[in-house]
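Chain by chain, the residues:
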Amino acid sequence: MTAARAWEASLRNNLGTALQDHKRYDEAIAECHRAIAVDPDFGNPYNDIGAYLIELGRPQEAIPWLEKATRAPRYESYCFPHYNLGRVYEKLRQWGKAIACYRASLAANSGYGLAKAALFRLQSQLN
C-alpha cells in the first residue's frame, strides 16, 4: 500500500464522515465503498458503513460490515466496531452477544467511555 493510496482511502472515508454529519447516509456509504476499493485493509470505512446502517434502522445489514472492521489489518480503534456490534445486538435484543461485544470493545480500549457506560447500563437492566 502506497502512502498516496492510504491517504486517498482516508480522505474518502473522511468525506463520508462529513456527509454523515449532514444525515446524507447513502452518499456517506458510497464514499466508504470507494475508500474500501482503494484500500481494503483500512478498517475505518467498514465500521462507518455499519454505523450508518444502524442510524438508518438497518442493524442486521450492519453486522457483516462491523465484523469486517474487527478483522481489518489496518485499524487503530478496534474498540469502535465492537461497540457498534454491541449496539446492534442490543437493538436485536440479543443481550449476551451485546455484553460480549461491549467487553471486547473494552478489551481493545479499557478507557472507552461509551462501551463502559453501555456495558454498565445493560448489565444493570438485566440484573
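See the structure above.
These numbers were taken from a predicted model, which means no experiment stands behind them. Think of each chain on its own: its residues are numbered from 1, step by step along the sequence as written. The predicted nature of this model means local features are confined to residues of pLDDT at least 70 and side-chain atom pairs, given and counted, to a pLDDT of 80 or more, with totals for whole chains, interfaces and linings taken over all residues. Values shown for side chains rest on all heavy atoms present in the structure; no hydrogens or waters enter the calculation.

(A) Structural view of the overall build of the protein chain. Within the protein chain, the secondary structure is distributed over 7 helices and 0 strands. A run of H or I in DSSP becomes a helix once it reaches four residues, and a run of E becomes a strand once it reaches two; helices and strands are each numbered from the N terminus. For the protein chain, the sequential pattern of α-helices and β-strands runs α-α-α-α-α-α-α. Two things to know: the radius of gyration comes from C-alpha atoms, and the globule rule equals 2.2 Å times the number of residues to the power 0.38. Rg of the C-alpha trace for the protein chain: 15 Å, near the compact-globule value of 14 Å for 127 residues, within the 12% margin. By its C-alpha atoms, the protein chain is 50 × 25 × 20 Å across when sized along the principal axes.

(B) Focus on the pattern of salt bridges. By convention in these notes, a salt bridge is any Lys or Arg side-chain nitrogen within 4 Å of a carboxyl oxygen on Asp or Glu. A complete count under the given rule lists 8 salt bridges for this structure. Of the charged contacts in the structure, one is a salt bridge between arginine 121 and glutamate 90, with a shortest N-O distance of 2.7 Å. In this pair, arginine 121 is assigned in helix α7 (residues 113-126) and glutamate 90 in helix α5 (residues 79-91), connecting sequence segments 31 residues apart. For every residue, the accessible area (1.4 Å probe, protein chains only) is compared with the maximum for its type, and the residue is labelled buried under 20%, exposed over 50%, or partly exposed between those bounds. Residue class for arginine 121 comes out partly exposed when judged on its relative accessible area of 34%. When salt bridges that share partners are traced, they join Glu8, Arg12, Glu31 and Arg34 into one network.

(C) Spatial organisation of the nonpolar core. Membership of the largest hydrophobic core comes to 33 residues, with the highest contact counts inside it found for Ile49 and Tyr102. Counting residues per element, the ones that place at least two in this core are α2 (25-38), α3 (44-55), α4 (59-71), α5, α6 (95-108) and α7. Throughout, a contact is declared for two residues whenever any of their heavy atoms are within 4.5 Å. Sequence-distant contacts of tyrosine 102, defined by excluding residues within four places in its chain, comprise Tyr83, Gly86, Arg87, Glu90, Ala115, Ala118, Leu119, Arg121 and Leu122. Think of a nonpolar core as a cluster: buried Ala, Val, Leu, Ile, Met, Phe, Trp, Tyr and Cys residues, connected wherever their side-chain atoms sit within 4.5 Å.

(D) Quick look at α4. To estimate the expected span of a helix, count its residues, drop one, and scale the result by 1.5 Å. In a regular helix each residue adds 1.5 Å, so 13 residues correspond to 18 Å; α4 covers 19 Å between its end C-alpha atoms and thus fits that length. Listing the buried residues of α4 in full gives Pro59, Ala62, Ile63, Trp65, Leu66 and Ala69. Residues of α4 that are buried make contact with α2, α3 and α5.

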